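Chain by chain, the residues:
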Amino acid sequence: MIYNINGNVLESPFSFLLSIFLCLGVFTLGNFIQYVIIRKKFFSECREINYFFSPIIGTYFLIIFLYFFVIFEIYSKFIFSFAAYLLLFLSLIRFNEISKIFNSFKTQLIKKNKLSLYILVIIYLILFLIASSPITHADAIDYHFSGALNILNLGHFQKEILPMNNNLTSLGDLIMSLGLAIKAEQFSNLIQFLSLFALIPFFIKDKK
């Protein structure tokens with residue numbers, strides 16, 4: 001069927017791995033946008049902190065970019081696939097740098113050696129495992145998944161009254177459509193998890 005889950009996602013662990021690489025691509029995209037907007041001089045002064053905001057910035061840029069093609073119905077299905085493969089390419093060319101970022105954060109964590117930070121890492125790991133799981137929550141199966149597939153297959157938001165659930169789709173579902181363009185099931189969940197990275201700079205400061 002055109003809207004069933006199994007027929008539109010890859011089997012584990014391939015769907016999860018693709019989702020991870022897509023997220024790395026979003027991370028790289030957001031990092032590049034910050035570099036261009038803030039410029040090299042100001043970016044270098046708070047480079048490590050700015051990295052944590054990259055997923056959010058990259059995600060919003062993608063939503064605005066994809067929304068333009070969906071709302072005007074301009075080759076949107078092709079654009080989704082193109083954007084997905086572009087993110088995969090970005091994740092590969094900057095993979096080493098992303099690894100260095102997280103190694104640097106791990107070094108800072110060990111250096112501070114605070115119990116509260118270790119608890120925070122455990123919480124993040126638990127949330128990561130939840131985000132990495134297949135789509136099971138009711139509202140996602142009910143209309144987010146089918147609505148995202150509807151956008152991907154038709155190239156626009158639903159125009160008919162029925163089925164009514166697909167009228168509940170919004171801009172956030174464009175991210176799920178982007179993942180489903182290459183059958184990456186967990187992409188939208190992992191993107192929501194990565195948005196929590198923006199809180200990390202507040203936790204690693206030395207202030208009480």
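This report concerns the structure included in the present document. Source: prediction; values computed, not measured.

## A look at the pattern of salt bridges
Here is step 1 of the chain: Under the counting rule described, the total for this entry stands at one salt bridge.
Here is step 2 of the chain: Across the pair lysine 159 and glutamate 73 runs a salt bridge whose closest N-O atoms are separated by 2.6 Å. Here lysine 159 is found in the loop between α7 (138-154) and α8 (173-180), whereas its partner glutamate 73 is found in the loop between α3 (54-71) and α4 (76-93), with 86 residues between them in sequence.
Here is step 3 of the chain: Residue lysine 159 is classed as exposed on the basis of its relative accessible area, which comes to 57%.
Here is step 4 of the chain: By relative accessible area, glutamate 73 is classed as partly exposed at 40%.

## What about the side chain of serine 19?
Here is step 1 of the chain: Mapped onto the elements, serine 19 comes out in helix α1 (residues 14-45).
Here is step 2 of the chain: In this structure the side chain of serine 19 is engaged in a polar contact, spanning 3.3 Å, whose partner is the backbone nitrogen of glutamine 186.
Here is step 3 of the chain: Here serine 19 is in contact with Ala184, Glu185, Gln186, Phe187 and Leu190, once residues within four sequence places are set aside.

## Things to note about the nonpolar core
Here is step 1 of the chain: Counting 45 residues, the largest nonpolar core has Leu22, Phe80, Leu87, Leu174, Leu178, Leu180 and Phe187 as its most contacted members.
Here is step 2 of the chain: Where this core is concerned, the elements lending two or more residues are α1, α3, α4, α6 (115-131), α7, α8 and α9 (187-194).
Here is step 3 of the chain: For this core, the leading source of residues is α4, giving seven residues.
Here is step 4 of the chain: Non-local contacts of leucine 180, meaning those with residues more than four positions away in its chain, are made with Asn8, Val9, Phe145, Ala148, Leu149 and Leu152.

## A closer look at the packing of α6 against α9
Here is step 1 of the chain: α9 packs onto α6 with a crossing angle of 160° between their chain directions and a minimal axis gap of 9 Å. Classified by the angle between their axes, α6 and α9 sit roughly antiparallel to one another. Between α6 and α9 the crossing geometry is right-handed. Seen from α6, the contacting residues are Tyr124, Leu127, Phe128 and Ala131; seen from α9, they are Asn189, Leu190 and Phe193.
Here is step 2 of the chain: The class makeup of the residues in the contact of α6 with α9 is six nonpolar, one polar and no charged.

## Quick look at the packing of α8 against α9
Here is step 1 of the chain: Running from N to C, α8 and α9 cross one another at 130°; their axes reach a closest spacing of 8 Å. Judged on the interaxial angle alone, α9 and α8 are oblique. For the pair α8 and α9, the contacting residues are Ile175, Met176, Leu178 and Gly179 in the first and Phe187, Ser188 and Ile191 in the second.
Here is step 2 of the chain: Along the lines of polarity and charge, the residues of the contact of α8 with α9 split into five nonpolar, two polar and no charged.

## Focus on the packing of aromatic side chains
Here is step 1 of the chain: Applying the stated criterion across every chain yields a total of 11 aromatic pairs.
Here is step 2 of the chain: For the ring pair phenylalanine 65 and phenylalanine 69, a centre distance of 5.0 Å and an interplane angle of 65° mean the geometry is edge-to-face. Of the two residues, phenylalanine 65 and phenylalanine 69 both sit in helix α3, four residues apart, roughly one turn of that helix.
Here is step 3 of the chain: Residue classification places phenylalanine 65 among the partly exposed positions, given a relative accessible area of 31%.
Here is step 4 of the chain: Measuring from centroid to centroid gives 5.4 Å for phenylalanine 68 and phenylalanine 69, while their planes differ by 90°, and the two rings are edge-to-face.
Here is step 5 of the chain: In this structure an aromatic cluster arises from ring pairing among Phe16, Tyr124, Phe128, Phe193 and Phe197.

## Digging into the side chain of asparagine 189
Here is step 1 of the chain: For asparagine 189, the location among the structural elements is in helix α9.
Here is step 2 of the chain: Given a relative accessible area of 13%, asparagine 189 falls into the buried group.
Here is step 3 of the chain: Here asparagine 189 is in contact with Ala131, Ser133, Ile135 and His137, once residues within four sequence places are set aside.

Thresholds applied
- Residues numbered from 1 in each chain as written.
- Predicted model: local features only at pLDDT ≥ 70, side-chain atom pairs only at ≥ 80, totals over all residues.
- Heavy atoms only, no water.
- Salt bridge = Lys/Arg side-chain N within 4 Å of Asp/Glu carboxyl O.
- Helix = DSSP H or I, 4+ residues; strand = E, 2+ residues; numbered from the N terminus.
- Buried < 20%, exposed > 50% of the residue type's maximum accessible area, 1.4 Å probe, protein only.
- Polar contact = N/O pair within 3.5 Å; in protein donor to acceptor, adjacent residues only side chain to side chain.
- Contact = heavy atoms within 4.5 Å.
- Core = buried A, V, L, I, M, F, W, Y, C linked by side-chain atoms within 4.5 Å.
- Axes fitted to C-alpha atoms, helices over the stretch in contact; angles between N-to-C directions.
- Parallel < 35°, antiparallel > 145°, perpendicular 65-115°, else oblique.
- Left-handed = near helix turned anticlockwise from the far one by under 90°.
- Nonpolar A, V, L, I, M, F, W, Y, C, P; charged D, E, K, R; others polar.
- Phe/Tyr/Trp six-rings, centres within 6.5 Å; stacked < 30°, edge-to-face > 60°.

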